[in-house]
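Remarks on the overall topology
Chain residues, written in single-letter form:
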Amino acid sequence: MILHSCYGIKFDTLAAYFLFKKYILSFIYYGNNDRMKRESEVDIKMKFTDRIYQKIATGIANHANWEMPKVIKGNGSIRKLAQQLRDDGREHIFIVTTKGTIKRGTLDVFFAKLENYGIVYTIFDEVMPDPTISCINQAAEMYQKNDCDAIVAIGGGSVLDCAKVAAARIVKPKQSVEKMAGGFKIGKKLPPFYAVPTTAGTASETTIAAVVTDENTNYKFAVSDGCLLPDYAVLDPVLTKGMPPQLTAFTGMDALTHAVEAYTNLYSLKQSDKKARHAVKLIFENLEHAYEHGDNLEYRQKMLLASFYAGEAFTRSFVGYVHAIAHAIGGIYHVAHGEANAIILPYVLEAYGSSVYRSLSELAKVTGMDMTGNHEKDAKAFIQKIREMNSHMNIAATLPMILDKDIEEIVDRVYKEAHTYPTPVIWSKEELRKLILKMRG
């Protein structure tokens with residue numbers, strides 16, 4: 001049995017057997033009873049099936065030999081990107097960005113360098129928040145029309161996600177974006193891809209995922225494949241210097257959510273846990289300072305690194321209910337993704353209860369919080385600290401826009417998405433309803 005080389009995995013029959021034995025039989029024989037609560041409220045067979053699926057998916061992610069992006073970092077590193085493009089022999093690059101990014105003028109030095117090196121560039125600046133299918137298709141068509149040989153995505157998560165899926169459409173022109181929804185449905189190497197985040201949070205520059213919005217249904221869905229990992233990630237704090245304080249807060253809490261969900265999920269590797277702990281520590285130490293002192297490049301650089309590490313963590317350990325709920329809320333009410341994550345995170349962690357006390361207490365220790373030695377007390381203090389960070393950065397505590405008529409739609413969307421994630425517990429639809437109503441306030 002051979003999986004496509006794009007995934008970075010080549011399992012022969014024997015390797016597949018050992019993967020099965022390690023991740024599936026261990027579950028069947030030993031179970032996970034201490035972290036699977038309220039069996040009477042959830043169909044046991046469905047839960048069992050979900051856990052097997054999750055073990056397989058996490059096992060593949062943990063064993064995949066995905067080549068993480070090469071990192072170019074430091075003040076003004078956008079200039080180094082131009083040199084890298086020249087060294088790589090790029091002749092006509094396709095730049096995906098926004099009109100606002102162009103207008104700010106921070107890319108002028110990059111354009112000048114490209115011209116100096118004789119590199120032609122075509123700009124697609126029509127990306128809007130929450131990239132739509134039509135926007136992605138438009139970008140792919142422009143790339144092909146201009147016969148470009150590489151993609152440079154410069155912007156926040158929406159820009160990077162748009163460019164990633166557009167790249168997939170370029171190499172799979174007969175496969176629609178809708179057909180790419182889910183995991184590992186591309187299986188083909190993308191054009192050379194250089195990701196330049198201008199926010200510190202989404203981590204799209206270091207993940208196998210991209211989030212797409214179907215503009216006809218307001219439904220958000222993820223496209224995931226090892227092929228979507230960029231070749232390079234350029235972490236230039238100068239490009240994030242102009243971020244408004246509220247955007248700094250939202251994107252920073254998005255990064256925190258990535259790290260915390262990855263760390264509290266089941267079946268993760270020590271490598272991912274280490275990345276998650278490092279990200280959480282950096283975020284606790286720097287986010288509020290970056291929010292208050294947006295011109296400080298040291299805080300900005302550390303937040304870019306935190307976002308990158310958090311992305312590395314959840315690329316292999318996945319996210320959870322926080323993201324599933326945020327995608328549903330964002331799709332229906334157009335709430336900014338980072339804002340939704342920030343509001344939802346403490347509610348979900350609180351609802352997980354004892355299943356995450358130990359892991360959250362470990363994160364609390366990493367951040368330098370005063371420890372009591374009691375997992376429950378330390379975990380609850382960690383959750384309270386998240387609420388205090390939200391309050392300090394003027395992030396709301398509830399989601400009052402949720403309407404009664406939309407509750408079932410939200411629950412259905414969350415239930416459909418979250419069953420693929422190795423969350424600490426699996427909730428029934430009734431439990432999700434109660435939690436969503438609590439978030440509404």
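As a reminder, the structure under discussion sits directly above these lines.
Since we're looking at a predicted model, the values are computed, not measured.

Here we take up the packing of aromatic side chains. Enumeration according to the criterion identifies 11 aromatic pairs in this entry. Seen in terms of ring centroids, Phe284 and Phe382 are 5.3 Å apart; in terms of plane orientation they differ by 10°. Their pairing is stacked. In this pair, Phe284 is assigned in helix H10 (residues 270-292) and Phe382 in helix H15 (residues 375-392), connecting sequence segments 98 residues apart. Just as Phe284 is buried, Phe382 falls in that class too. Aromatic ring contacts, followed pair by pair, group Phe94, Phe124 and Tyr143 into a single cluster. Just above the ring of Tyr415 sits the side chain of Lys429; from NZ or CZ to the centre is 5.2 Å.

The next thing to look at is the pattern of salt bridges. For the coordinates displayed, the defined rule picks out 18 salt bridges. Between Lys438 and Glu350 there is a salt bridge, with its nearest N and O atoms 3.6 Å apart. Remark: Glu350 occurs in helix H13 (residues 337-352) and Lys438 occurs in helix H17 (residues 429-440); sequence separation between them is 88 residues. Under the relative-accessibility criterion, Lys438 is labelled partly exposed at 48%. For Glu350, a relative accessible area of 40% corresponds to the partly exposed category. Close ionic contact of Asp404 with Arg440 constitutes a salt bridge, the shortest N to O distance being 2.7 Å. Placement of Asp404 in the loop between H15 and helix H16 (407-418) and of Arg440 in helix H17 is noted, with a sequence separation of 36 residues between them. Three or more residues joined by partner-sharing salt bridges are found here, namely Lys99, Asp125 and Glu126.

Our next topic: the pairing of strand E4 (residues 150-155). A regular strand places its side chains on the two faces of the sheet in alternate fashion. Extensive coverage of E4 is indicated by the burial of six of its six residues. Residues Ala150, Val152 and Ile154 point to one face of E4 and Ile151, Ala153 and Gly155 to the other, with burial holding for every one of them. Relative to E4, strand E2 (residues 92-96) runs parallel, the two sharing four bridges. Bridged to Ile95 within E4 is Val152. By the bridge criterion, five bridges tie E4 to strand E6 (residues 193-197) in an arrangement that is parallel. What sits directly across from Ile154, in E6, is Val196.

Below, the discussion takes up helix H14 (residues 357-366). For H14, the set of buried residues is Tyr357, Ser359, Leu360, Ser361, Leu363 and Ala364. Structurally, H14 contributes buried residues whose contacts are with helix H9 (245-264), H10, H13 and H15. Backbone geometry just downstream of H14 places Gly368 in the positive-phi region, at approximately 90°.

Let's shift gears to the packing of H9 against H15. Two elements in contact, H9 and H15, have axes separated by 12 Å at closest approach and are oriented at 165°. Looking at the two axes, H9 sits roughly antiparallel to H15. The chirality of how H9 crosses H15 is left-handed. Residues Met253, Leu256 and Val260 of H9 lie in contact with H15, whose contacting residues are Phe382, Ile386, Met389 and Asn390. Taken together, the residues that form the contact of H9 with H15 break down as six nonpolar, one polar and no charged.

Rules used in this analysis
Residues numbered from 1 in each chain as written. Predicted model: local features only at pLDDT ≥ 70, side-chain atom pairs only at ≥ 80, totals over all residues. Heavy atoms only, no water. Phe/Tyr/Trp six-rings, centres within 6.5 Å; stacked < 30°, edge-to-face > 60°. Helix = DSSP H or I, 4+ residues; strand = E, 2+ residues; numbered from the N terminus. Buried < 20%, exposed > 50% of the residue type's maximum accessible area, 1.4 Å probe, protein only. Lys NZ or Arg CZ within 6 Å of the ring centre and 35° of its normal. Salt bridge = Lys/Arg side-chain N within 4 Å of Asp/Glu carboxyl O. Pairing = 2+ DSSP bridges. Contact = heavy atoms within 4.5 Å. Axes fitted to C-alpha atoms, helices over the stretch in contact; angles between N-to-C directions. Parallel < 35°, antiparallel > 145°, perpendicular 65-115°, else oblique. Left-handed = near helix turned anticlockwise from the far one by under 90°. Nonpolar A, V, L, I, M, F, W, Y, C, P; charged D, E, K, R; others polar.

None of this, on its own, says anything about what the molecule does.
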